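Structural features, examined
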Amino acid sequence: MVMLTSLTISHAQHSPWTLESCVQYALDHNLTVKQSENVVAQREVALNTAKNSVWPTVQATASQNFSFGRGISEDNTYVSSNTANTSFGLGGSMNLFTGFRVKNNITMGKLNLEAANADCDKAKEDIRIAVTQAYMQILYNMELCKVAELQIVIDSTQVERLTVLRDAGKIGPAEVSSRKSTLAQSRVTLTQARNNLNLAILDMTQLLELSSPEGFEVAVPDTSLLAPEILSNPEQIFAQAVTMRPAVKAEEVRTEAAATNIKLAQAGWWPTLSMSGGLITDYYALLGHTSKGFASQLGDNFSPYVGFTLNVPIFNRLETRNGVRMAKLQLESQQLQSENVRKALYKEIQQAYYNAVAAREKWLSSGVAETTALENFELSEALYEAGKYTSTEFNEAKNNYLQAASNLAQARCEYFYQVQLLELLAGK
């Protein structure tokens, strides 16, 4: 089992972690993704508020007033007295026409929600790419560790062999000392390779929001089943990606929202019509004098009302005109932003494609180079042990082989990553 702390033990799984499990865990726990999901929830609330604006508002009121000194009496004349007035009301209002502002606000709310969903998908896509890159980095460092370990095995074998020859008096101690120095350097290389691997694992666990990298290990995919296939050209990948990438979709939706914002600004030129109505009643008492009963007055003073209000804009210091101008400029800016995102996507696809092509060619050539270097190393080792090769010649053959093995591992991991990246860029 992967050993995780108590914060993540509920999500622990059998080791090692596959690329798919890393991606899924990151999507479930990454804070950036959670923030994007929270924005989506906020946009849903805002849309609900916009939809509810078509309904009337209803409110009840109650008030109690006391007046001291000169005031109005029951017979509607002013006298010097102390009075008390109690009133109750139930009223409501409803917008009948607002220059299509309500309709466009609802449309804007829907577009904002759609854009937030696209942004959330983009955040998830970014996490997928980051996790894939971190996963490939771990695999590459694992390969480098294997190469470093192989180097130690070779050097250790040679130290043992040369020690036997020295004890037999066939070589001097200097050659054994030189080989031991090479072995020590190989161990330093392995230490550095392991440290790089630990740092790569740390980067991955931080992406996954794990509290500790202890016990974390990844599954090594079977790269023997991965062939350096011929890739689709960038134009084909872009044609597919532009219809599926959330970043492109988000900007397209924002462009549509910017166009709707112009209609919202133009609503300031339209008249508005609203309706109001309600029920009111009150109780009046002249303090120190006998008045009709509370219930009796409330019944007698009961009064329903209804009214309509029409507002026609005439001049508002050119605010509406400038608001429309600003909305049109914002639309132009958003159109440019949308085009920039499409161009950036095409550029990213081109870079990933040519990186994949280069990695493919490097993989093929590195495979041949690694095979040739291995054959040369094995021959050099045999000649060296037979005393027909010098230590310098043997070291050169060994270093060439180890470098070829390292280049092959790098090319294979780089190609695997670029292929994964192209699939993600294409919207898969």
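Here, every reference points to the structure presented above.
In this text, all values refer to a predicted model and were calculated from it rather than measured experimentally.

1. Side note on the overall build of the protein
A tally of regular secondary structure across the protein gives nine helices and four strands. Listing the helices and strands of the protein from first to last along the sequence gives α-α-β-β-α-α-α-α-β-α-β-α-α. Relative to its length of 428 residues, the protein is extended, with a C-alpha radius of gyration of 39 Å against a globular reference of 22 Å. For the C-alpha atoms alone, the extent of the protein along its principal axes is close to 135 × 50 × 35 Å. Within the protein, the fraction of its 428 residues that count as buried is 38%. Counting contacts in the protein only where the partners sit at least 6 residues apart, residues at least 24 apart contribute 81% of the total. Put simply, the protein shows about 24400 Å² of open surface, and 55% of that area lies on carbon and sulfur atoms. Where the 36 positive side-chain charges of the protein centre and where its 43 negative ones centre are 6 Å apart.

2. Notes on the side chain of aspartate 155
You can see aspartate 155 is positioned in helix α3 (residues 101-167). The residues contacting aspartate 155, other than those within four sequence positions of it, are Arg179, Thr182, Leu183, Ser186 and Lys398.

3. Observations concerning the packing of α3 against helix α4 (residues 173-207)
Contact geometry of α3 with α4 gives a least axis separation of 8 Å together with a crossing angle of 165°. The orientation of α3 relative to α4 falls into the category roughly antiparallel. The handedness of the crossing between α3 and α4 is left-handed. Taken together, the residues of the contact of α3 with α4 sort by class into 22 nonpolar, 10 polar and eight charged.

4. So, a nonpolar patch on the surface
Together, Leu310, Val312, Ile314, Phe315 and Leu318 line one region of the surface with nonpolar side chains, adding up to about 600 Å² of accessible area. Residue position: phenylalanine 315 is located in the loop between β4 (303-311) and α8 (319-385).

5. Digging into the pattern of salt bridges
One pass over the structure, following the stated rule, counts 13 salt bridges. Among the salt bridges present, the one from arginine 166 reaches aspartate 167, with a minimum N-O distance of 3.2 Å. Of the charged contacts, one joins glutamate 319 and arginine 317 as a salt bridge, the two residues approaching to 2.9 Å between their closest N and O atoms. Judged by relative accessible area, arginine 317 falls into the exposed class, the value being 62%.

6. With respect to helix α9 (residues 391-425)
Its 35 residues give α9 an end-to-end C-alpha distance of 50 Å, which sits within 8% of 51 Å, the value for a rise of 1.5 Å per residue. Positive backbone phi, at 90°, marks glycine 427, one or two positions downstream of α9.

7. A closer look at the packing of aromatic side chains
By the definition in use, this model includes 12 aromatic pairs. Taken together, a centroid distance of 5.0 Å and an interplanar angle of 80° make the contact between tyrosine 353 and tyrosine 354 edge-to-face. Between phenylalanine 377 and phenylalanine 394, the aromatic rings sit 5.8 Å apart at their centres with planes inclined by 40°, giving tilted as the arrangement. Highlighted residues: phenylalanine 377 in helix α8 and phenylalanine 394 in helix α9, separated in sequence by 17 residues. On the basis of relative accessible area, phenylalanine 377 is assigned to the buried category, the value being 5%. Through a chain of ring-to-ring contacts, three or more aromatic side chains come together here, namely Trp17, Tyr25 and Phe216.

8. Comments concerning the packing of α8 against α9
Taken N-terminus to C-terminus, the directions of α8 and α9 make an angle of 155°; their axes are 6 Å apart at the nearest point. With respect to their mutual orientation, α8 and α9 come out roughly antiparallel. Regarding α8 and α9, the two cross each other, and that crossing is left-handed. Class assignment of the residues belonging to the contact of α8 with α9 gives a composition of 23 nonpolar, 10 polar and eight charged.

9. Focus on the nonpolar core
Among the nonpolar cores identified, the biggest contains 55 residues, and Tyr135, Met204, Leu208 and Phe216 are the most heavily contacted of them. Within the residue set of this core, elements represented by two or more residues are α1 (19-29), α3, α4, α5 (234-241), α6 (246-266), α8 and α9. Ranked by residue count, the leading element in this core is α9, at 11 residues. Discounting chain neighbours no more than four positions away, the residues touching tyrosine 135 are Trp17, Thr18, Leu19, Cys22, Met204, Val218 and Ala219. In this structure, Leu165, Phe394, Leu402 and Ala404 belong to the second largest nonpolar core, which totals 14 residues.

10. Some details on helix α2 (residues 31-52)
Taking 1.5 Å as the rise per residue, α2 with 22 residues should run 32 Å; its terminal C-alpha atoms sit 32 Å apart, in good agreement. Taken residue by residue, α2 has Val33, Ser36, Val40, Leu47 and Ala50 as its buried positions. Along the axis of α2, the buried residues cluster in a sector spanning 85°; they form a single face. In α2, the exposed positions that point more than 90 degrees away from the buried face belong to Leu31, Gln35 and Val45. Its buried side turned inward, α2 meets α1 and α3. The backbone nitrogen of threonine 32 lies 2.9 Å from a side-chain oxygen of the residue at the head of α2, namely asparagine 30.

11. Looking at the environment of tyrosine 140
Inspection of the secondary structure puts tyrosine 140 in helix α3. Look at tyrosine 140 and you get buried, because its relative accessible area is 17%. Spatially, the C-alpha atoms of tyrosine 140 and cysteine 413 are 6.0 Å apart, while their sequence positions differ by 273 residues. Not counting residues up to four positions away in its chain, the partners in contact with tyrosine 140 are Ser406, Ala409, Gln410 and Cys413.

Each value, and the rule that gives it
Residues numbered from 1 in each chain as written. Predicted model: local features only at pLDDT ≥ 70, side-chain atom pairs only at ≥ 80, totals over all residues. Heavy atoms only, no water. Helix = DSSP H or I, 4+ residues; strand = E, 2+ residues; numbered from the N terminus. Rg over C-alpha atoms; globule rule 2.2 N^0.38 Å. Buried < 20%, exposed > 50% of the residue type's maximum accessible area, 1.4 Å probe, protein only. Contact = heavy atoms within 4.5 Å. Areas by Shrake-Rupley, 256 points an atom, 1.4 Å probe, with all protein chains shown as cover. Lys, Arg positive; Asp, Glu negative; His and termini not counted. Charge placed at Lys NZ, Arg CZ, Asp CG, Glu CD. Axes fitted to C-alpha atoms, helices over the stretch in contact; angles between N-to-C directions. Parallel < 35°, antiparallel > 145°, perpendicular 65-115°, else oblique. Left-handed = near helix turned anticlockwise from the far one by under 90°. Nonpolar A, V, L, I, M, F, W, Y, C, P; charged D, E, K, R; others polar. Patch = residues over 30% accessible without salt bridge, like charges linked within 9 Å, V, L, I, M, F, W, Y side chains within 5 Å. Salt bridge = Lys/Arg side-chain N within 4 Å of Asp/Glu carboxyl O. Expected span 1.5 Å × (residues − 1). Phe/Tyr/Trp six-rings, centres within 6.5 Å; stacked < 30°, edge-to-face > 60°. Core = buried A, V, L, I, M, F, W, Y, C linked by side-chain atoms within 4.5 Å. Arc of directions from axis to C-beta. Polar contact = N/O pair within 3.5 Å; in protein donor to acceptor, adjacent residues only side chain to side chain.

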